[in-house]
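Chain by chain, the residues:
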Amino acid sequence: EAEARRVRYAALEKIADELGCVGIATGHTLDDDAETVAMRQQRGGFALGIPSVRGRIVRPLLNLRRADTHAFCNTNGVRFVTDPTNDDVRFTRNRIRKELSDETILQLAALGRHNRIASGLGERSHVATALLAHGIEPKGALLTDIQNKVLGRVGPRLSVSKQSWVWWEHDRLVFGPCPAQKPNLPQVHLRTGAVRSQVRSQEWGLTFTVGATIGATVGATVGHRSDGDVAELDADVIGDRALVVRQWQPGDRFVPLGMAGSKKLQDLFTDLKVPRFDRERVPVLVAGDDIAWVVGYRIDDRFKIGPGTKNILRLACVK
């Protein structure tokens, strides 16, 4: 049943892509909503019903009873099909469906709706809603694990399904595929000189370019540039020091542009909210023993272009 549901939704998404549709409307009713709440309660999960919107999926009939939709179809001559497997009580939903009275259905649907409305008010209900939005059953034990082991704790990761993990980043809960082990990326040695040079690293998936050294405009305040993946540095400050691209290392410090003192690179990443699992792939350009450029983020103040700059070295890092 679960696999059939997955295939159905995958087919709908494929058709929507082919037709350029922005929404996919399903016929879930108040009865379906109540049955879902009852199933989640029975399994020890949080009492949430069916979300009215999930991605492109919209469910406009959640306030109507199943009998209402049948009556509408009969009145208007709309043919519909009844799935014979709906009578098979080996399936939990079918068994619950036969046990629920009209009054119980209304109570359960109201309970699920209340929890959806209150989802942003409580930590546990907020996490339950987030899990549900990612297609993960918000069972009580899982909610407890996330609360006790992940929320507010930088570092721990928790598997919540075969494909998804959850972890804490700064002030938010993050869902994603299992983060890979720390990549072991090689150092890339760059060449400087009178001509432009280029090095492609397959492991990094990047091309590093060092432009030919050019003279600065005499008497002009050139300023200092670091536009994303391009940086311009004072070539004379670099001098004959070797230029190497490497991964960041614990204890790395540099002087961020505009600051007088040094700062830990780890603190810079934290301030800029760089996800922990992305930091390992941020190229760090060192000149000798000093960090000159944290690619995509900051150059080191000691290498900036200023009024006294005579020669400029332009660097680029692109995919």
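The structure we're discussing is the one just above.
Just so it is clear, the model here is predicted, and its values are computed rather than measured.

Colleague: An account of the overall build of the chain is requested, with residue identities and associated values reported.
Modeller: Looking only at helices and strands, the chain has 10 helices and 19 strands in total. Across the 319 residues that make up the chain, the buried fraction comes to 40%. Sequence-distant contacts, at least 24 apart, represent 62% of the contacts inside the chain between residues at least 6 apart. Taken as a whole, the chain presents about 18,200 Å² of accessible surface, with 52% of it coming from carbon and sulfur.

Colleague: Hey, could you go over the pairing of strand 19 (residues 311-318) for me, with residue numbers and the actual values?
Modeller: Across four bridges, strand 9 (residues 206-210) lies against strand 19 in antiparallel orientation. What sits directly across from Val210, in strand 19, is Leu315. Judged from the two bridges that link them, strand 10 (residues 214-215) and strand 19 form a sheet pairing that is antiparallel. By the bridge assignment for strand 19, Gly215 is matched with Asn311. Bridge count for strand 12 (residues 230-234) against strand 19 is five bridges, and the pairing is antiparallel. Across the sheet, residue Asp234 finds its bridge partner in strand 19, namely Ile312.

Colleague: Give a detailed account of the sheet that holds strand 6 (residues 172-177), specifying residues and quantitative values.
Modeller: Across the sheet, three strands lie side by side as 4-5-6; this open sheet has antiparallel pairing. Looking at strand neighbours, the two that pair on one side only are strand 4 (157-159) and strand 6, the edges of this open sheet. With strand direction ignored, the average angle separating the axes of adjacent strands in the sheet is 25 degrees. Pairing geometry for strand 4 and strand 5 (residues 164-169), over three bridges, is antiparallel. Paired with Arg157 across the strands is Trp167, a residue of strand 5.

Colleague: Break down the pattern of salt bridges for me, citing the residues and quoting the values.
Modeller: Taken as a whole and assessed by the stated rule, the structure comprises 19 salt bridges. Arg56 is paired through a salt bridge with Asp17; the nearest N and O atoms lie 2.8 Å apart. Of this pair, Arg56 sits in the loop between strand 2 (53-54) and strand 3 (57-58) while Asp17 is found in helix 1 (residues 2-19), placing the two residues 39 residues apart along the sequence. Taking relative accessible area as the criterion, Arg56 reaches 21% and is therefore assigned partly exposed. Of the charged contacts, one joins Glu35 and Arg93 as a salt bridge, the two residues approaching to 3.3 Å between their closest N and O atoms. Separated by 58 residues along the polypeptide, Glu35 in helix 2 (residues 30-42) and Arg93 in helix 4 (residues 92-99) bring together distant segments of the chain. Judged by relative accessible area, which is 26%, Arg93 ranks as partly exposed. Each member of the salt-bridge network shares a partner with another, and the members are Asp32, Glu35, Arg66, Arg93 and Arg97.

Colleague: Lay out the pairing of strand 16 (residues 284-287) in plain terms, naming residues and giving numbers.
Modeller: Side chains Val284 and Val286 of strand 16 all project onto a buried face; the interleaved residues Leu285 and Ala287 project onto the opposite face, where all are buried too. Strand direction decides the pairing type here: strand 13 (residues 243-246) and strand 16, joined by four bridges, are antiparallel. Bridge assignment links Val245 to a residue of strand 16, and that residue is Leu285. The antiparallel pairing of strand 16 with strand 17 (residues 290-294) creates a hairpin that spans two residues between the two strands, and Gly288 there sits at a positive phi of about 70 degrees.

Colleague: Provide a residue-level description of the sheet that holds strand 3, including the pertinent values.
Modeller: Pairing in this open sheet of three strands is mixed, and the strands run 1-3-2 from one edge to the other. Each having just a single partner strand, strand 1 (24-25) and strand 2 make up the two edges of the open sheet.

Colleague: A description of the side chain of Asp252 should follow, citing residues and the corresponding values.
Modeller: Mapped onto the elements, Asp252 comes out in the loop between strand 13 and strand 14 (253-254). Of note is the side chain of Asp252, whose polar atom sits 2.8 Å from the backbone nitrogen of Gln249. Apart from the residues lying within four places of it in its own chain, the contact partners of Asp252 are Arg246, Gln247, Lys263, Lys264, Leu265 and Ile291.

About the cut-offs
- Residues numbered from 1 in each chain as written.
- Predicted model: local features only at pLDDT ≥ 70, side-chain atom pairs only at ≥ 80, totals over all residues.
- Heavy atoms only, no water.
- Helix = DSSP H or I, 4+ residues; strand = E, 2+ residues; numbered from the N terminus.
- Buried < 20%, exposed > 50% of the residue type's maximum accessible area, 1.4 Å probe, protein only.
- Contact = heavy atoms within 4.5 Å.
- Areas by Shrake-Rupley, 256 points an atom, 1.4 Å probe, with all protein chains shown as cover.
- Pairing = 2+ DSSP bridges.
- Axes fitted to C-alpha atoms, helices over the stretch in contact; angles between N-to-C directions.
- Salt bridge = Lys/Arg side-chain N within 4 Å of Asp/Glu carboxyl O.
- Polar contact = N/O pair within 3.5 Å; in protein donor to acceptor, adjacent residues only side chain to side chain.

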